[in-house]
Amino acid sequence: MKKVFAFLADGLEEVEALMVIDLLRRTKQLDVVMVSIKDDLLVEGSHGIKIMADANINDIDFASGDAIFLPGGIPGTPNLAACQTLTNQILKYNEEGKLIAAICAAPSILSDLGLLKDKNATSYPSFEEQMDCKSYGGKVVRDGNIITGRGLGVAIEEGLEIISYLIDENTAKTVANAICFEG
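Just so you know, these numbers come straight off a predicted model, no measurement behind them. Within each chain, residues carry numbers counting from 1 in the order of the written sequence. Totals for whole chains, interfaces and linings use all residues, but because this is a predicted model, local features are given only for residues with pLDDT of at least 70 and pairs of side-chain atoms are given and counted only at 80 or more. For side-chain calculations, the full set of non-hydrogen atoms in the structure is used, while hydrogens and water are omitted.

Caption draft 1: Broad picture of the overall build of the protein. Numbered from the N terminus, helices here are DSSP runs of H or I no shorter than four residues, and strands are runs of E no shorter than two. Helix and strand counts for the protein come out as six helices and eleven strands. Computation of the radius of gyration draws on C-alpha atoms, with the globule rule given as 2.2 Å multiplied by the number of residues to the power 0.38. Computed over its C-alpha atoms, the radius of gyration of the protein comes to 15 Å, within 12% of the 16 Å expected for a compact globule of 183 residues. Categorising residues by exposure relies on relative accessible area from a 1.4 Å probe, with only protein chains included: less than 20% of the type maximum marks a residue as buried, more than 50% marks it as exposed, and the intermediate range marks it as partly exposed. The buried share of the protein, reckoned over its 183 residues, is 52%. Only heavy atoms enter the contact rule, under which two residues are in contact if any of them lie within 4.5 Å. Here the contacts in the protein between residues at least 6 apart in sequence split such that 62% fall between residues at least 24 apart. Reported accessibility uses the Shrake-Rupley method at a 1.4 Å probe radius. Residues are deemed covered only where the shown protein chains occlude them. As displayed, the protein has an accessible area near 8,100 Å², and 46% of this comes from carbon and sulfur atoms. Between the averaged position of the 16 positive side-chain charges in the protein and that of its 27 negative side-chain charges there is a distance of 4 Å. Only four residue types enter the tally: Lys and Arg on the positive side, Asp and Glu on the negative side; His and the chain ends are excluded. For this purpose, a charge sits on NZ of Lys, CZ of Arg, CG of Asp or CD of Glu.

Caption draft 2: Structural view of the packing of helix α5 (residues 155-166) against helix α6 (residues 169-178). The N-to-C vectors of α5 and α6 enclose an angle of 150°; their axes lie 7 Å apart at closest approach. Crossing of α5 over α6 shows right-handed handedness. Residues Leu 160, Ile 163 and Ser 164 of α5 form the contact with α6, whose participating residues are Glu 169, Thr 171, Ala 172, Val 175 and Ala 176. Here the term charged refers only to Asp, Glu, Lys and Arg, the term nonpolar to Ala, Val, Leu, Ile, Met, Phe, Trp, Tyr, Cys and Pro, and the term polar to all other amino acids, Gly among them. In terms of residue class, the contact of α5 with α6 is built from five nonpolar, two polar and one charged. To get an axis, a line is fitted to the C-alpha atoms, and for a helix only the part in contact is used. The angle between two axes follows their N-to-C directions and goes from 0 to 180 degrees. Take the far helix as your reference; a near helix turned counterclockwise from it by less than a right angle gives a left-handed crossing, and one turned clockwise gives a right-handed crossing.

Caption draft 3: Structural detail: the environment of Thr 148. Mapped onto the elements of the fold, Thr 148 is located in strand β11 (residues 146-149). Classification of Thr 148 as buried rests on a relative accessible area of 1%. Linking Thr 148 and Ile 100, residues 48 residues apart in sequence, is a C-alpha distance of 8.5 Å. For Thr 148, the contacting residues outside a window of four places in its chain are Ala 102, Pro 107, Leu 110, Ala 121, Thr 122, Lys 139, Val 140, Val 141 and Glu 158. Looking at Thr 148, its side chain comes within polar contact range of the main-chain nitrogen of Thr 122, at 3.0 Å. As used in this structure description, the phrase polar contact means that two N or O atoms lie within 3.5 Å; if the pair is within protein, one of them must be able to donate a hydrogen and the other to accept it, and residues adjacent in sequence are counted only when both atoms belong to side chains.

Caption draft 4: Highlighting the packing of aromatic side chains. Two aromatic rings, drawn from Phe, Tyr or Trp (for Trp, its six-membered ring), form a pair once their centres lie within 6.5 Å of each other, and the interplanar angle then sorts them: stacked below 30 degrees, edge-to-face above 60, tilted otherwise. Counted under the stated rule, the structure contains three aromatic pairs. Aromatic pair Phe 5 and Phe 7: ring centres 6.4 Å apart, planes at 50°, arrangement tilted. Phe 5 gets classed as buried once you look at its relative accessible area, which sits at 2%. A relative accessible area of 0% places Phe 7 in the buried class. The structure contains a cluster of three or more aromatic residues connected by ring pairs, namely Phe 5, Phe 7 and Phe 62. Note on criteria: charge over ring means Lys NZ or Arg CZ within 6 Å of the ring centre, with the direction from the centre no more than 35 degrees off the ring normal. The positively charged end of Lys 98 is found above the aromatic ring belonging to Tyr 93, 4.7 Å away from the centroid.

Caption draft 5: Fine view of the state of the cysteines. Note on disulfides: each one is a pair of cysteine sulfur atoms within 2.5 Å. Considering all chains together, one arrives at zero disulfides under this definition. Here Cys 104 is not cross-linked by a disulfide; its sulfur's nearest cysteine counterpart is in Cys 133, at 15 Å. Classification of Cys 133 by relative accessible area gives buried; the value is 15%.

Caption draft 6: Structural detail: the pairing of β11. Here β11 shows no split at all, with Ile 146 and Thr 148 on one side and Ile 147 and Gly 149 on the other all buried. At least two DSSP bridges between two strands are needed for those strands to be called paired. Across four bridges, strand β10 (residues 140-143) lies against β11 in antiparallel orientation. Directly across from Val 141, in β11, lies its bridge partner Thr 148. Connecting β10 to the antiparallel partner β11 that follows it, the hairpin turn spans two residues, and Gly 144 within it adopts a positive phi of roughly 65°.

Caption draft 7: Looking closely at the sheet that holds strand β1 (residues 2-8). If you walk across this open sheet you meet the seven strands as β5-β2-β1-β6-β7-β11-β10, and the pairing is mixed. If you trace the sheet from one side to the other, it starts and ends with β5 (55-56) and β10, each paired once. For strand β7 (residues 99-103) and β11, the ladder comprises four bridges, and the chain directions are parallel. By the bridge assignment for β11, Ala 101 is matched with Ile 147. Against the sheet, helix α1 (residues 14-26) contacts β1, β2 (30-36), β6 (67-70) and β7, and its axis sits at roughly 155° relative to β2.

Caption draft 8: Broad picture of the pairing of β7. Counting buried positions along β7 yields five of five residues, so the element is predominantly enclosed. Because side chains alternate across β7, one face comprises the buried residues Leu 99, Ala 101 and Ile 103, and the other comprises Ile 100 and Ala 102, equally buried. Judged from the four bridges that link them, β6 and β7 form a sheet pairing that is parallel. Among the inter-strand pairings, Ile 68 is bridged to a residue of β7, identified as Ile 100.

Geometric descriptors of this kind do not, in isolation, establish any biological role.
See the structure below:
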């Protein structure tokens, strides 16, 4: 079973994180681990919603993972970007060709790490100027091993694209049908 590490930081966009995590878990074919980047497993989102992570970043085996997912949010995105352990692993996952998915403000982390220079990508519109990528725009953009999404309004599409990448398109369609999504 493929493993996805979903990283949670205080100030994250709660629904982006939970929507994608929920969809991935609905496949029953992906092991999705919610990972706190701080010592405490309880993470508070940008709208005051508290989420209990499954594990702490210092307790996971990054080598066992197949994908990293980064939800957006402010100050969640800067908090994720400030986590050196996470950014080092993002670079390593990219070198290994493993999936890296980010939504909303979080694609800016990938841009800052230089991972989007030769890629098509998108992000929350106010981050467009910060995005150093080959081509910018779209709702959800998959280019190689990187998937980026515009924001909360496309969280379902982002989750389904991750499922298509990690499993297959038929499984993504099955999940979309199960939640009555007609996107």
